[in-house]
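# Descriptive structure summary
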Amino acid sequence: MDPRYKAVESSSAREDWFREYVKALKEERKREKERDREKRDKDKRESKDKGDKERDREKEREREREKEKEKEREKEKEKEGDVNDVSEDENVNNSDDEREKEQKDKEKQARMEASLREREKEVQRTLATHLRDRDKEREQHKHDEAVQHFNALLADLVRNAELAWREAKRQLRKDHRWELAELLDREEKEKLFNQHIEQLAKKKKEKFRELLDETGEVTLTSSWKEIKKLVKDDPRYSKFSSSDRKCEREFKEYIKDKLVAAKADFRELLQETKLINHKSLKLVQENEQHIREIEEILKKDRRYLVLDYMPDERTKLIVTYLEDLDKRGPPPPPTASEPTRRPTNS
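Just so it is clear, the structure is predicted and the values come from calculations on it, not from any experiment.

What follows covers the packing of helix 6 (residues 224–231) against helix 8 (residues 244–272). Packing of helix 6 against helix 8 brings their axes to within 11 Å, and their N-to-C directions diverge by 110°. Considering their axes alone, helix 6 and helix 8 lie roughly perpendicular with respect to each other. Two packed elements cross with a definite hand, and for helix 6 against helix 8 that hand is right-handed. On the side of helix 6, the interface is formed by Trp-224, Ile-227 and Lys-228, while helix 8 contributes Asp-244, Cys-247, Glu-248 and Phe-251. Tallied by class, the residues present in the contact of helix 6 with helix 8 amount to 4 nonpolar, no polar and 3 charged.

The feature "coiled-coil region" (unreviewed entry), as given by UniProt, occupies residues 186–214 in the numbering adopted here. The straight-line gap between the two end C-alpha atoms of residues 186–214 is 42 Å; of that span, 100% is helix and 0% is strand.

This part is about the packing of aromatic side chains. Tallying each qualifying case throughout the model produces 7 aromatic pairs. Seen from their ring centres, Trp-224 and Tyr-237 are 6.1 Å apart, and the 25° between their planes marks the pair as stacked. Taken together, the positions of Trp-224 in helix 6 and Tyr-237 in helix 7 (residues 235–240) put the pair 13 residues apart, joining distant regions of the chain. One exposure class covers both Trp-224 and Tyr-237, and it is buried. Centre to centre, the rings of Phe-266 and Tyr-304 are 6.1 Å apart; their planes meet at 45°, and the pair counts as tilted. In this pair, Phe-266 is assigned in helix 8 and Tyr-304 in helix 11 (residues 302–305), connecting sequence segments 38 residues apart. A residue is classified by how much of its surface remains accessible, and Tyr-304, at 5% relative accessible area, is buried. Here the aromatic cluster, defined as three or more aromatic residues joined through ring pairs, consists of Phe-208, Trp-224, Tyr-237, Phe-240 and Phe-251. Lys-246 extends its terminal NZ or CZ atom over the ring of Phe-240, reaching a point 5.8 Å from the ring centre.

In this structure, Ala-152 sits in helix 3 (residues 73–157). Accessibility expressed as a relative area gives 32% for Ala-152, which makes it partly exposed. Taking the C-alpha atoms as reference points, Ala-152 and Arg-177, 25 residues apart in sequence, are found 8.9 Å from one another.

Bringing helix 10 (residues 289–298) into the picture now. Since there are 3.6 residues in each turn of an α-helix, residues three or four apart along the chain are aligned in direction. Along helix 10, the positions that sit buried rather than exposed are His-290, Ile-291, Ile-294, Glu-295 and Leu-298. Down the axis of helix 10, the buried side of the element spans an arc of 140°, and every buried residue falls inside it. Close packing links the buried residues of helix 10 with helix 8, helix 9 (280–286), helix 11 and helix 12 (311–328).

Thresholds applied
Residues numbered from 1 in each chain as written. Predicted model: local features only at pLDDT ≥ 70, side-chain atom pairs only at ≥ 80, totals over all residues. Heavy atoms only, no water. Axes fitted to C-alpha atoms, helices over the stretch in contact; angles between N-to-C directions. Helix = DSSP H or I, 4+ residues; strand = E, 2+ residues; numbered from the N terminus. Parallel < 35°, antiparallel > 145°, perpendicular 65-115°, else oblique. Left-handed = near helix turned anticlockwise from the far one by under 90°. Contact = heavy atoms within 4.5 Å. Nonpolar A, V, L, I, M, F, W, Y, C, P; charged D, E, K, R; others polar. UniProt positions renumbered as here; feature names shortened; annotations may be inferred. Phe/Tyr/Trp six-rings, centres within 6.5 Å; stacked < 30°, edge-to-face > 60°. Buried < 20%, exposed > 50% of the residue type's maximum accessible area, 1.4 Å probe, protein only. Lys NZ or Arg CZ within 6 Å of the ring centre and 35° of its normal. Arc of directions from axis to C-beta.

Written out as structure tokens, the structure reads:
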């Protein structure tokens, strides 16, 4: 049995497509026959018109012959002989015309059959493409359903972000929904599991950092030992991880990120301070007291005070910013973006 036959699961669908295919073939043959019949009728009309004209010409010749019959008998006989010769030639020509017409009919029939065969092939190709596309859609739909079932299974049974795939798989197999995802191979199931674990870890990390944000005692100089006492009873702490070392590691990453944000806020403060401009570096180099004046203005802002525990690095950030302004030079005038208009010599 041809595999293309087996590819269509529904017998009713196969029968419907077969009937459509046969109907298309019949309609094509019917159109070809109608075109052939019209051509034959046209040829007959043209042949009839030709015969009528030939008869008119023959009558005219007969009248001419009657007129001259009395005058030249001999010429009349010669003319009659000529007429007989012409008739024989016409018979030969008619025979040639018949053979030529028959040859044309055969060629036309061959072209019609070739066109019909090509039409059949085109219908088969179109039908095969339609079947392949529909099969792909069906398979994709089944695959998407399997993914949905497996993700639902993970959401219900896997809530520990530290669970390994091998251990999780033993638990998942006990649930009847495991069979609903049989279309997925082992690699895809493991990939979906890892994505689920990553999402769990991400959500728990967000909740843990949310807890640290809400703890007012947390500063850039806080130690894990003192902060742990404040947060250990919160469920977001225990849910993040059962490992104290992992919680401490995440706390240090949190402090590191807070420091990066604090430095960015401080640079933003420097940009907002009007006293600081491209001339400030030169002024500081000429008079160290100028940087003290800058710091006196900055210390009124929380973004400056939050870095009190690292005064040397804070000063270094100020100097680095002044050096950057010095390299860039004075800001362009307000009209710098407009094209310079030069007077033209007339």
